[in-house]
Amino acid sequence: MDNAVYQQFNQVLEHSCLHTMEKTISEALKTCVNMESSNGTCVDIREFLWRNQSDLTLQPTTMAAFALVYSLFITLGVVGNLLVVISVSKHKSLQSVRNIFIVSLSCSDIVVSVVSGSVTPITAFSKIWLFGPNLCYLVPLIQKIIEEETMRTLYYITLSVTA
């Protein structure tokens, strides 16, 4: 692949949030890529990746397999962590300081399962941001906050075990 084409394609990927903010989803699926010495025709991002990189994430069977796996992980993550929260809240004998921290981790896992488990595969397979300008900035913020909260909770669990 020509270096100029590669740089231009990287610029398109970096600004995919901005493209989606300014255009409709159907227009955002088309991106003008100046192919070597061609006439600068618009090429679909997925077609460009398949032709130049043989990107297997563009195949329907790959998408279906990953959709099944992600759906399973999201479902198990939400249901399993909800069971932990319900168990601790319903049974007095489970209500200890350590278990409250575990409930906090379960709540974090639910948010991660729903937010990251749904947004990540959709964005990976569509190759553009489909969730609007607000979520373009809000999703990474949520992910970072949950990551920090999880690390802090694990630290407190460690302190409560050693104390």
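Reading guide: rules and limits
Within each chain, residue numbers correspond to sequence positions counted from 1 in written order. Since the coordinates come from a predicted model, pLDDT governs what is reported: local features require at least 70, and pairs of side-chain atoms require 80 or more to be given and counted, while whole-chain, interface and lining totals use all residues. Side-chain descriptors were evaluated using all non-hydrogen atoms of the structure, hydrogens and water having been removed beforehand. Here, nonpolar core refers to any group of buried Ala, Val, Leu, Ile, Met, Phe, Trp, Tyr and Cys residues whose side-chain atoms link them within 4.5 Å. A 1.4 Å probe rolled over the protein chains alone gives each residue an accessible area, and that area as a share of the maximum for its type sets the label: buried under 20%, exposed over 50%, partly exposed in between. The helix and strand labels rest on DSSP assignments: H or I over at least four residues marks a helix, E over at least two residues marks a strand, and numbering proceeds from the N terminus. Residue contacts are counted whenever heavy atoms from the two residues lie within 4.5 Å of one another. UniProt positions are given in the numbering used here, feature names are shortened, and annotations may be inferred rather than shown by experiment. Centre distance within 6.5 Å is the pairing criterion for rings of Phe, Tyr and Trp, where only the six-membered ring of Trp is used; planes under 30 degrees apart are then read as stacked, over 60 as edge-to-face, and the remainder as tilted. Any helix carries an expected span of 1.5 Å times its number of residues minus one. One side-chain nitrogen of Lys or Arg within 4 Å of one carboxyl oxygen of Asp or Glu is enough to make a salt bridge.

## Some remarks on the nonpolar core
- In this structure, V115, V119, W129, C136 and V139 together form the largest nonpolar core, which totals five residues.
- Elements with a contribution of two residues or more to this core: α6 (97–126) and α7 (132–162).
- When sequence neighbours within four positions are dropped, the list of residues in contact with V115 reads V139 and I142.

## What to know about the UniProt feature "transmembrane region" (unreviewed entry) in the protein chain
- Feature annotation in UniProt places "transmembrane region" (unreviewed entry) on residues 63–88 and 100–122, given in this structure's numbering.
- Taken end to end, residues 63–88 is 100% helix and 0% strand, and its two terminal C-alpha atoms sit 37 Å from one another.
- Across residues 100–122, helical content stands at 100% and strand content at 0%; the span's end C-alpha atoms are separated by 33 Å.

## Remarks on the packing of aromatic side chains
- Under the criterion given, the structure shown has four aromatic pairs.
- Aromatic pair F101 and Y156: ring centres 6.1 Å apart, planes at 25°, arrangement stacked. Of this pair, F101 sits in helix α6 while Y156 sits in helix α7; the two residues are 55 residues apart in sequence, bridging distant segments of the chain.
- On the basis of relative accessible area, Y156 is assigned to the partly exposed category, the value being 37%.

## Section: α6
- Spanning 30 residues, α6 covers 43 Å between terminal C-alpha atoms, matching the ideal 44 Å at 1.5 Å per step.
- Just past α6, the residue K127 takes up positive phi, approximately 70°.

## A short note on the pattern of salt bridges
- Enumeration over the complete set of coordinates arrives at two salt bridges.
- Between K144 and E147 there is a salt bridge whose closest N-O contact spans 3.5 Å. Of the two residues, K144 and E147 are both situated in helix α7; the distance of three residues between them amounts to about one turn of the helix.
- Residue class for E147 comes out partly exposed when judged on its relative accessible area of 42%.

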